[in-house]
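Report on the structure
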Amino acid sequence: MVDGASQKQLFIGIDGGGTKCRATIYCAERGILGTGLGGPANPLHGLERTLESIMVSTQQALRDAGLSLQTVHTLVAGLGLAGVNLPTLYEQISEWQHPFKKMYLTTDLHTACIGAHEGEDGAVIITGTGSCGFACVNGESVNYGGHGFAQGDKGSGAWLGLEALKAVLLDLDGLGPHTQLSALFKLHFNTDSGMGIAEQMAGQPSSSYAKLARMVLDAADKGDHVANAIVKDGAHYISMMAKRLLEVNPPRLSMIGGLAQPLQKWLDVDVAKKVQHPKQPPELGAVYFAQQSLANEQQKVAN
């Protein structure tokens, strides 16, 4: 039974990925009070920027809720962040001198799964800037992928962008098959040369490659053979990941992220049929995670 104090407690759920950070302030008594949006929040690509994005999204959510910025000290925060499946990054974020009343940290996969199935068992595949899969059934969890860019994240926006970029540079040098992507990329980068494209992308983060993904998907839809082969390869990997997750018999499977909808039609037919719409977004999953974590902590104290 939830007491009156728990009903009034304000929670903030934060979902941080390679491209953006979303925050939602929630109260059991009144529901969603406000939302906010920040920049990239994957500590693998910069701890300082991640913490800045968390605070920007938090402050926006507070303003959206009509609350003073000082209210941050009363919030119980649930953070689901990309990259914290790596122990060193988990430890760095955990040691952050955060402004919240309490902070509970887990992976973006975990909170995405909690949100997609409203706290019930299930499996989820994230296909956004990166790609990864997670399932939780009967208290046991498995996860696949999520190895980061550029050594992994196959089928993701960043991977699609990188593969397309390599194909375009081969085409422009006359060393690979022609692709419609070359004209699209020359227009996008405002240059006529492969070297001009390479120079602009040198040292860029995964989010910059992910911005190219829509062009790849559009070209594939229009029948470009090179784009088609790239998208099919990425979708095959996502299908294989889904089949591994389904081996643990999750009651539901959802896909989330910016590429979830456009990629679904490229999946193996048997996999595509099993994909169900997520019930709630990851930031609400982070709220549920914070609520559960606080309740468990209070129960331990009471015992």
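You'll find the structure just up there.
Residues numbered from 1 in each chain as written. Predicted model: local features only at pLDDT ≥ 70, side-chain atom pairs only at ≥ 80, totals over all residues. Heavy atoms only, no water.

1. Describing helix α9 (residues 213-221)
Here is the rule: Accessibility here uses a 1.4 Å probe with only protein chains present; expressed as a share of the type maximum, an area under 20% marks a residue as buried, one over 50% as exposed, and anything in between as partly exposed. Put simply, DSSP H or I for four residues or longer makes a helix, DSSP E for two residues or longer makes a strand, and each gets a number counted from the N terminus.
Among the residues of α9, Ala213, Met215, Val216, Leu217, Ala219 and Ala220 are the ones counted as buried. Just beyond α9, the residue with positive phi is Gly223, at close to 95 degrees.

2. As for the sheet that holds strand β7 (residues 131-137)
Here is the rule: One requirement defines pairing of two strands: DSSP has to find at least two bridges between them. Angular values range over 0 to 180 degrees, each being the angle between N-to-C directions of two axes fitted as lines to C-alpha atoms, with helices fitted over their stretch in contact. Contacts are residue-level and defined by heavy atoms, with any inter-residue pair within 4.5 Å sufficient.
Across the sheet, which stays open at both edges, the four strands sit in the order β8-β7-β6-β9 with mixed pairing between neighbours. Unpaired on one side and paired on the other, β8 (140-145) and β9 (253-256) mark the two borders of the sheet. Strand after strand, the sheet turns through a mean of 15 degrees between neighbouring axes, direction not considered. Looking at chain direction, strand β6 (residues 122-127) and β7 are connected through six bridges and run antiparallel. For Val124, the partnering residue across the bridge sits in β7 and is Phe134. Here helix α4 (residues 108-116) sits on the sheet and contacts β6, β7, β8 and β9; the angle it forms with β6, its principal contact strand, is near 125 degrees.

3. A short note on the nonpolar core
Filter applied, for reference: Nonpolar cores were defined as sets of buried Ala, Val, Leu, Ile, Met, Phe, Trp, Tyr and Cys residues, with membership established by side-chain atoms within 4.5 Å.
Within the largest apolar cluster, 42 residues are counted, with the highest numbers of intra-cluster contacts made by Ile125, Leu160, Leu181, Phe185, Ile230 and Val231. For this core, the secondary-structure elements that each account for two or more residues are β6, α5 (157-172), α6 (181-189), α7 (194-201), α9, α10 (225-246), β9 and α11 (260-264). Examining the composition of this core, we find that nine residues originate from one element, α10, more than from any other. If you look at the next biggest cluster of nonpolar residues, it comprises 25 residues, including Leu33, Ala41, Leu51 and Leu79.

4. Remarks on the pattern of salt bridges
Filter applied, for reference: Salt bridge, as used here: a side-chain nitrogen of Lys or Arg that lies within 4 Å of a carboxyl oxygen of Asp or Glu.
A full pass over the atoms with the stated rule returns eight salt bridges. In this structure, Lys166 engages Glu163 in a salt bridge whose closest nitrogen and oxygen atoms are separated by 3.0 Å. Here Glu163 and Lys166 lie together in helix α5, a separation of three residues that amounts to about one turn. With a shortest N-O distance of 3.4 Å, Arg244 and Glu247 are connected by a salt bridge. Here the residues in one salt-bridge network are Lys243, Asp268 and Asp270, joined through shared partners.

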